[in-house]
Structure formats: C-alpha cells, structure tokens
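Architecture at a glance
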Number of protein chains: 2
Amino acid sequence: MDQLDRKIIAELRNNGRATYAELGRTVGLSASSVHERVGKLEAAGVITGYHAVVDPRRVGLGVTALVGIQPTDTASDDEVAVALGELPEVESCYAVAGDEAFVVKVRVETVDELERTLGRLRRIDGVARTHTTVVLSTRFEGRPNNTGLDQG
Amino acid sequence: MDQLDRKIIAELRNNGRATYAELGRTVGLSASSVHERVGKLEAAGVITGYHAVVDPRRVGLGVTALVGIQPTDTASDDEVAVALGELPEVESCYAVAGDEAFVVKVRVETVDELERTLGRLRRIDGVARTHTTVVLSTRFEGRPNNTGLDQG
DNA sequence: GTTGAAATTAGGTCGGT
DNA sequence: ACCGACCTAATTTCAAC
C-alpha cells in the first residue's frame, strides 16, 4: 500500500465506476498497472466492493431509525446478531459498548412498518428491550472523507 | 420506475461496476436499453453515485463511535450540521428526534484521536453535550437488502 | 512493478421499429 | 421504449524489461 494505491482508492471511493484508463491518468500510471493494483487491493480485502448508492426516499424507504438493542442476561450476542441480520429492514448492525449490546440502523417505508419492525426486533430471542431514535433528516451519510486516503 | 428499473438498481447496488451488457443479461434487456434506463435513473436522482467500499481497518480507521449531540438552547441546527460536516472524521450525520439533535458516526485511527475528535465536537458552537457509544465490532453495514428492489 | 501492443469486450450514438 | 449496428474506447492478457 503506497501513495499510488491510496490515490487509486480515494478516486474509486469518489467514483466507483471510474475506468482504469481514467484512474491511470489521474495517478500517472498506465491502465494496465492500475488494473493490476486494483486487483491486488481487491484480493487483499482492502477494497471490499463497489455499490451504487440510491436515494432511499426515491425507492420508498423514507423512514430511518437507529435502534439500540438491550440484551437479556442469557443472550448470546452472536445469535442475536445473526437474527438481526435476517431482518432485511436492518441495514447496519454495530455491537457497542454500554448497556445496549447493539445499535442497528433500520430503514422502512412508513412509521407503520417501523412499528412492525420494532415488534419483530423485540421478539428476537435474547432481546430484552429496544430504544428507538427516529431520524428526522440525513444531513450526510457515508462520506469518503477521513480515510487517510485523500490527503496524500 | 418499473420492475426492470428496480432490478437494475438492485444489481447495481450489489455490483456497482456491473457492465451494461451484464445488467442486460440479468434483466433481459439489451445493453443499450439498460444504458438508457440507468442514465435516466441517474438524471432523476434515484441513483446518486457509485462508490468503492474499503475495509476501514485496512486503511487505518479502526475506531468507530456513534456520538449523540445535545444542542444548546439557542443552537441553530443547520449551523451545527454544517460545522459537523467540516470535521472529516464525521462520516455520517443524522438529525434525530429525542433530546439529542444529531447522531453522528465518527471514524478515527485510535482512541486518542477519538478523544481529540470529541473535544472538537464539544467546541462547536451550539453543542452542549455529547454522548458517545463506542463500536466494538461492525457486524454488517450498509446492506443493500431492503430497498423494495430485491423482491422484484 | 511497469509497460505497450494485441485481442476481446464494453461504452455510447443513432436510425429504425 | 427497445433494439441492432456501428465506431470509439476501455478492459484484459501477455511478453519483455
């Protein structure tokens, strides 16, 4: 991982569909060198994937909530995490320090659906309580700004 | 936005570098038709971008925290949000219901840097208190699973 | 690791349906 | 809206350095 790799990664974080030729022009390498470097970064697990980002509201997912999950005394964190992963409305899942075992990000169409989703969360074995924070607006999300990649 | 568009979007969320020919094969259209549809989805703001996803730990960002931001009585939410956006270590920012005005996701290299970042957050005009939840592990994140796109 | 050349494939435009 | 045909440009492989 040298500076050229970092530049390539930064560029691909900004534009995941940049061509190798384009990347080569911005970093000062041939397309085939970039191709080889990107392949190695993917193989090494540095680049884990490429994804189109969609405006959630325009695909009918206007309601976002952050839900803290308090576990029961006997809960297995791993089993709870797997169960959380089985709900498609749970987009992200973080195991956290504090009295909650997890914080999950939930995206649904309506508050009605949020209510149903919270019911499903509470019915998971090992879940004692949930604490829900409704998102009113997403100011920004997933910015590619502090990777240590941009500044050099 | 018909079912074909939804299929294309679902595919691009899974693989942001899928070629138009590949997309055409999976949805049953020609590459040129897919090209036209994707162009319209981008122009309509449904698809907002394409990004490579990087394993944060492999680029020296091993510490993640969720930070609730309590505002002062006189705070302007918009100004606080702008100030939060100026810190590169703040990756996402949500305005939320409840006694906190915002929840932000912070990513830094070390807990030392987390401490410094929290100091910077508290020094923002309009920020009264912060409440930090340290992420112990990310079980999954940003899954493209509940877009209403996948189930057809 | 890097390159340039060669073969293959994709992108992008457009006329026709 | 979709397709096929077309030309341009990119990907991908590879021998050579």
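Residues numbered from 1 in each chain as written. Chains lettered and ligands numbered in written order. Predicted model: local features only at pLDDT ≥ 70, side-chain atom pairs only at ≥ 80, totals over all residues. Heavy atoms only, no water.

Things to note about the interface of chain A and chain B
The partner chain B presents 63 residues to the 63 residues of chain A that form the contact. Interface area for chain A against chain B, summed over the two sides, is near 5,400 Å², with a carbon-plus-sulfur share of 53%. Taken together, chain A and chain B are joined by 2 salt bridges. For the pair chain A and chain B, the number of links is 47 residue pairs in polar contact (both at pLDDT 80 or more). Elements with a minimum of two residues in the side of chain A that touches chain B: helix H1 (3–14), strand S1 (47–54), helix H4 (77–85), strand S3 (90–96), strand S4 (102–108) and strand S5 (127–140) of chain A. Class assignment for the residues of the side of chain A that touches chain B results in 33 nonpolar, 17 polar and 13 charged. Here S3(A) runs beside strand S5 (residues 127–140) of chain B; their pairing, made up of 4 bridges, is antiparallel. Pairing of A:Ala95 across the sheet is with B:Ser137, part of S5(B). (Contact = heavy atoms within 4.5 Å. Buried area = accessible area lost by both parts, 1.4 Å probe. Salt bridge = Lys/Arg side-chain N within 4 Å of Asp/Glu carboxyl O. Polar contact = N/O pair within 3.5 Å; in protein donor to acceptor, adjacent residues only side chain to side chain. Helix = DSSP H or I, 4+ residues; strand = E, 2+ residues; numbered from the N terminus. Nonpolar A, V, L, I, M, F, W, Y, C, P; charged D, E, K, R; others polar. Pairing = 2+ DSSP bridges.)

Considering the UniProt feature "domain: HTH asnC-type" (unreviewed entry) in chain A
The sites that UniProt annotates as "domain: HTH asnC-type" (unreviewed entry) are residues 1–62 of chain A. Secondary structure across residues 1–62 of chain A divides into 53% helix and 13% strand, with the first and last C-alpha atoms of the span separated by 39 Å. (UniProt positions renumbered as here; feature names shortened; annotations may be inferred.)

Some remarks on the protein's contact with DNA strand D
In the neighbourhood of DNA strand D, 13 residues make up the surrounding shell, with A:Thr19, A:Tyr20, A:Ala21, B:Ser33 and B:Arg37 lying closest. Taking all atoms of DNA strand D within 4 Å of the protein, the share assigned to sugar and phosphate is 71%. Taking A:His35, its side chain carries an N or O atom lying 3.2 Å from a phosphate oxygen of DNA strand D. B:Arg37 is positioned with one of its side-chain polar atoms (N or O) 2.3 Å from a phosphate oxygen of DNA strand D. Elements with a contribution of two residues or more to the surface near DNA strand D: helix H2 (20–27) and helix H3 (31–43) of chain A together with helix H3 (31–43) of chain B. Tallied by class, residues from the surface near DNA strand D come to 3 nonpolar, 6 polar and 4 charged. (Near = heavy atom within 4 Å.)

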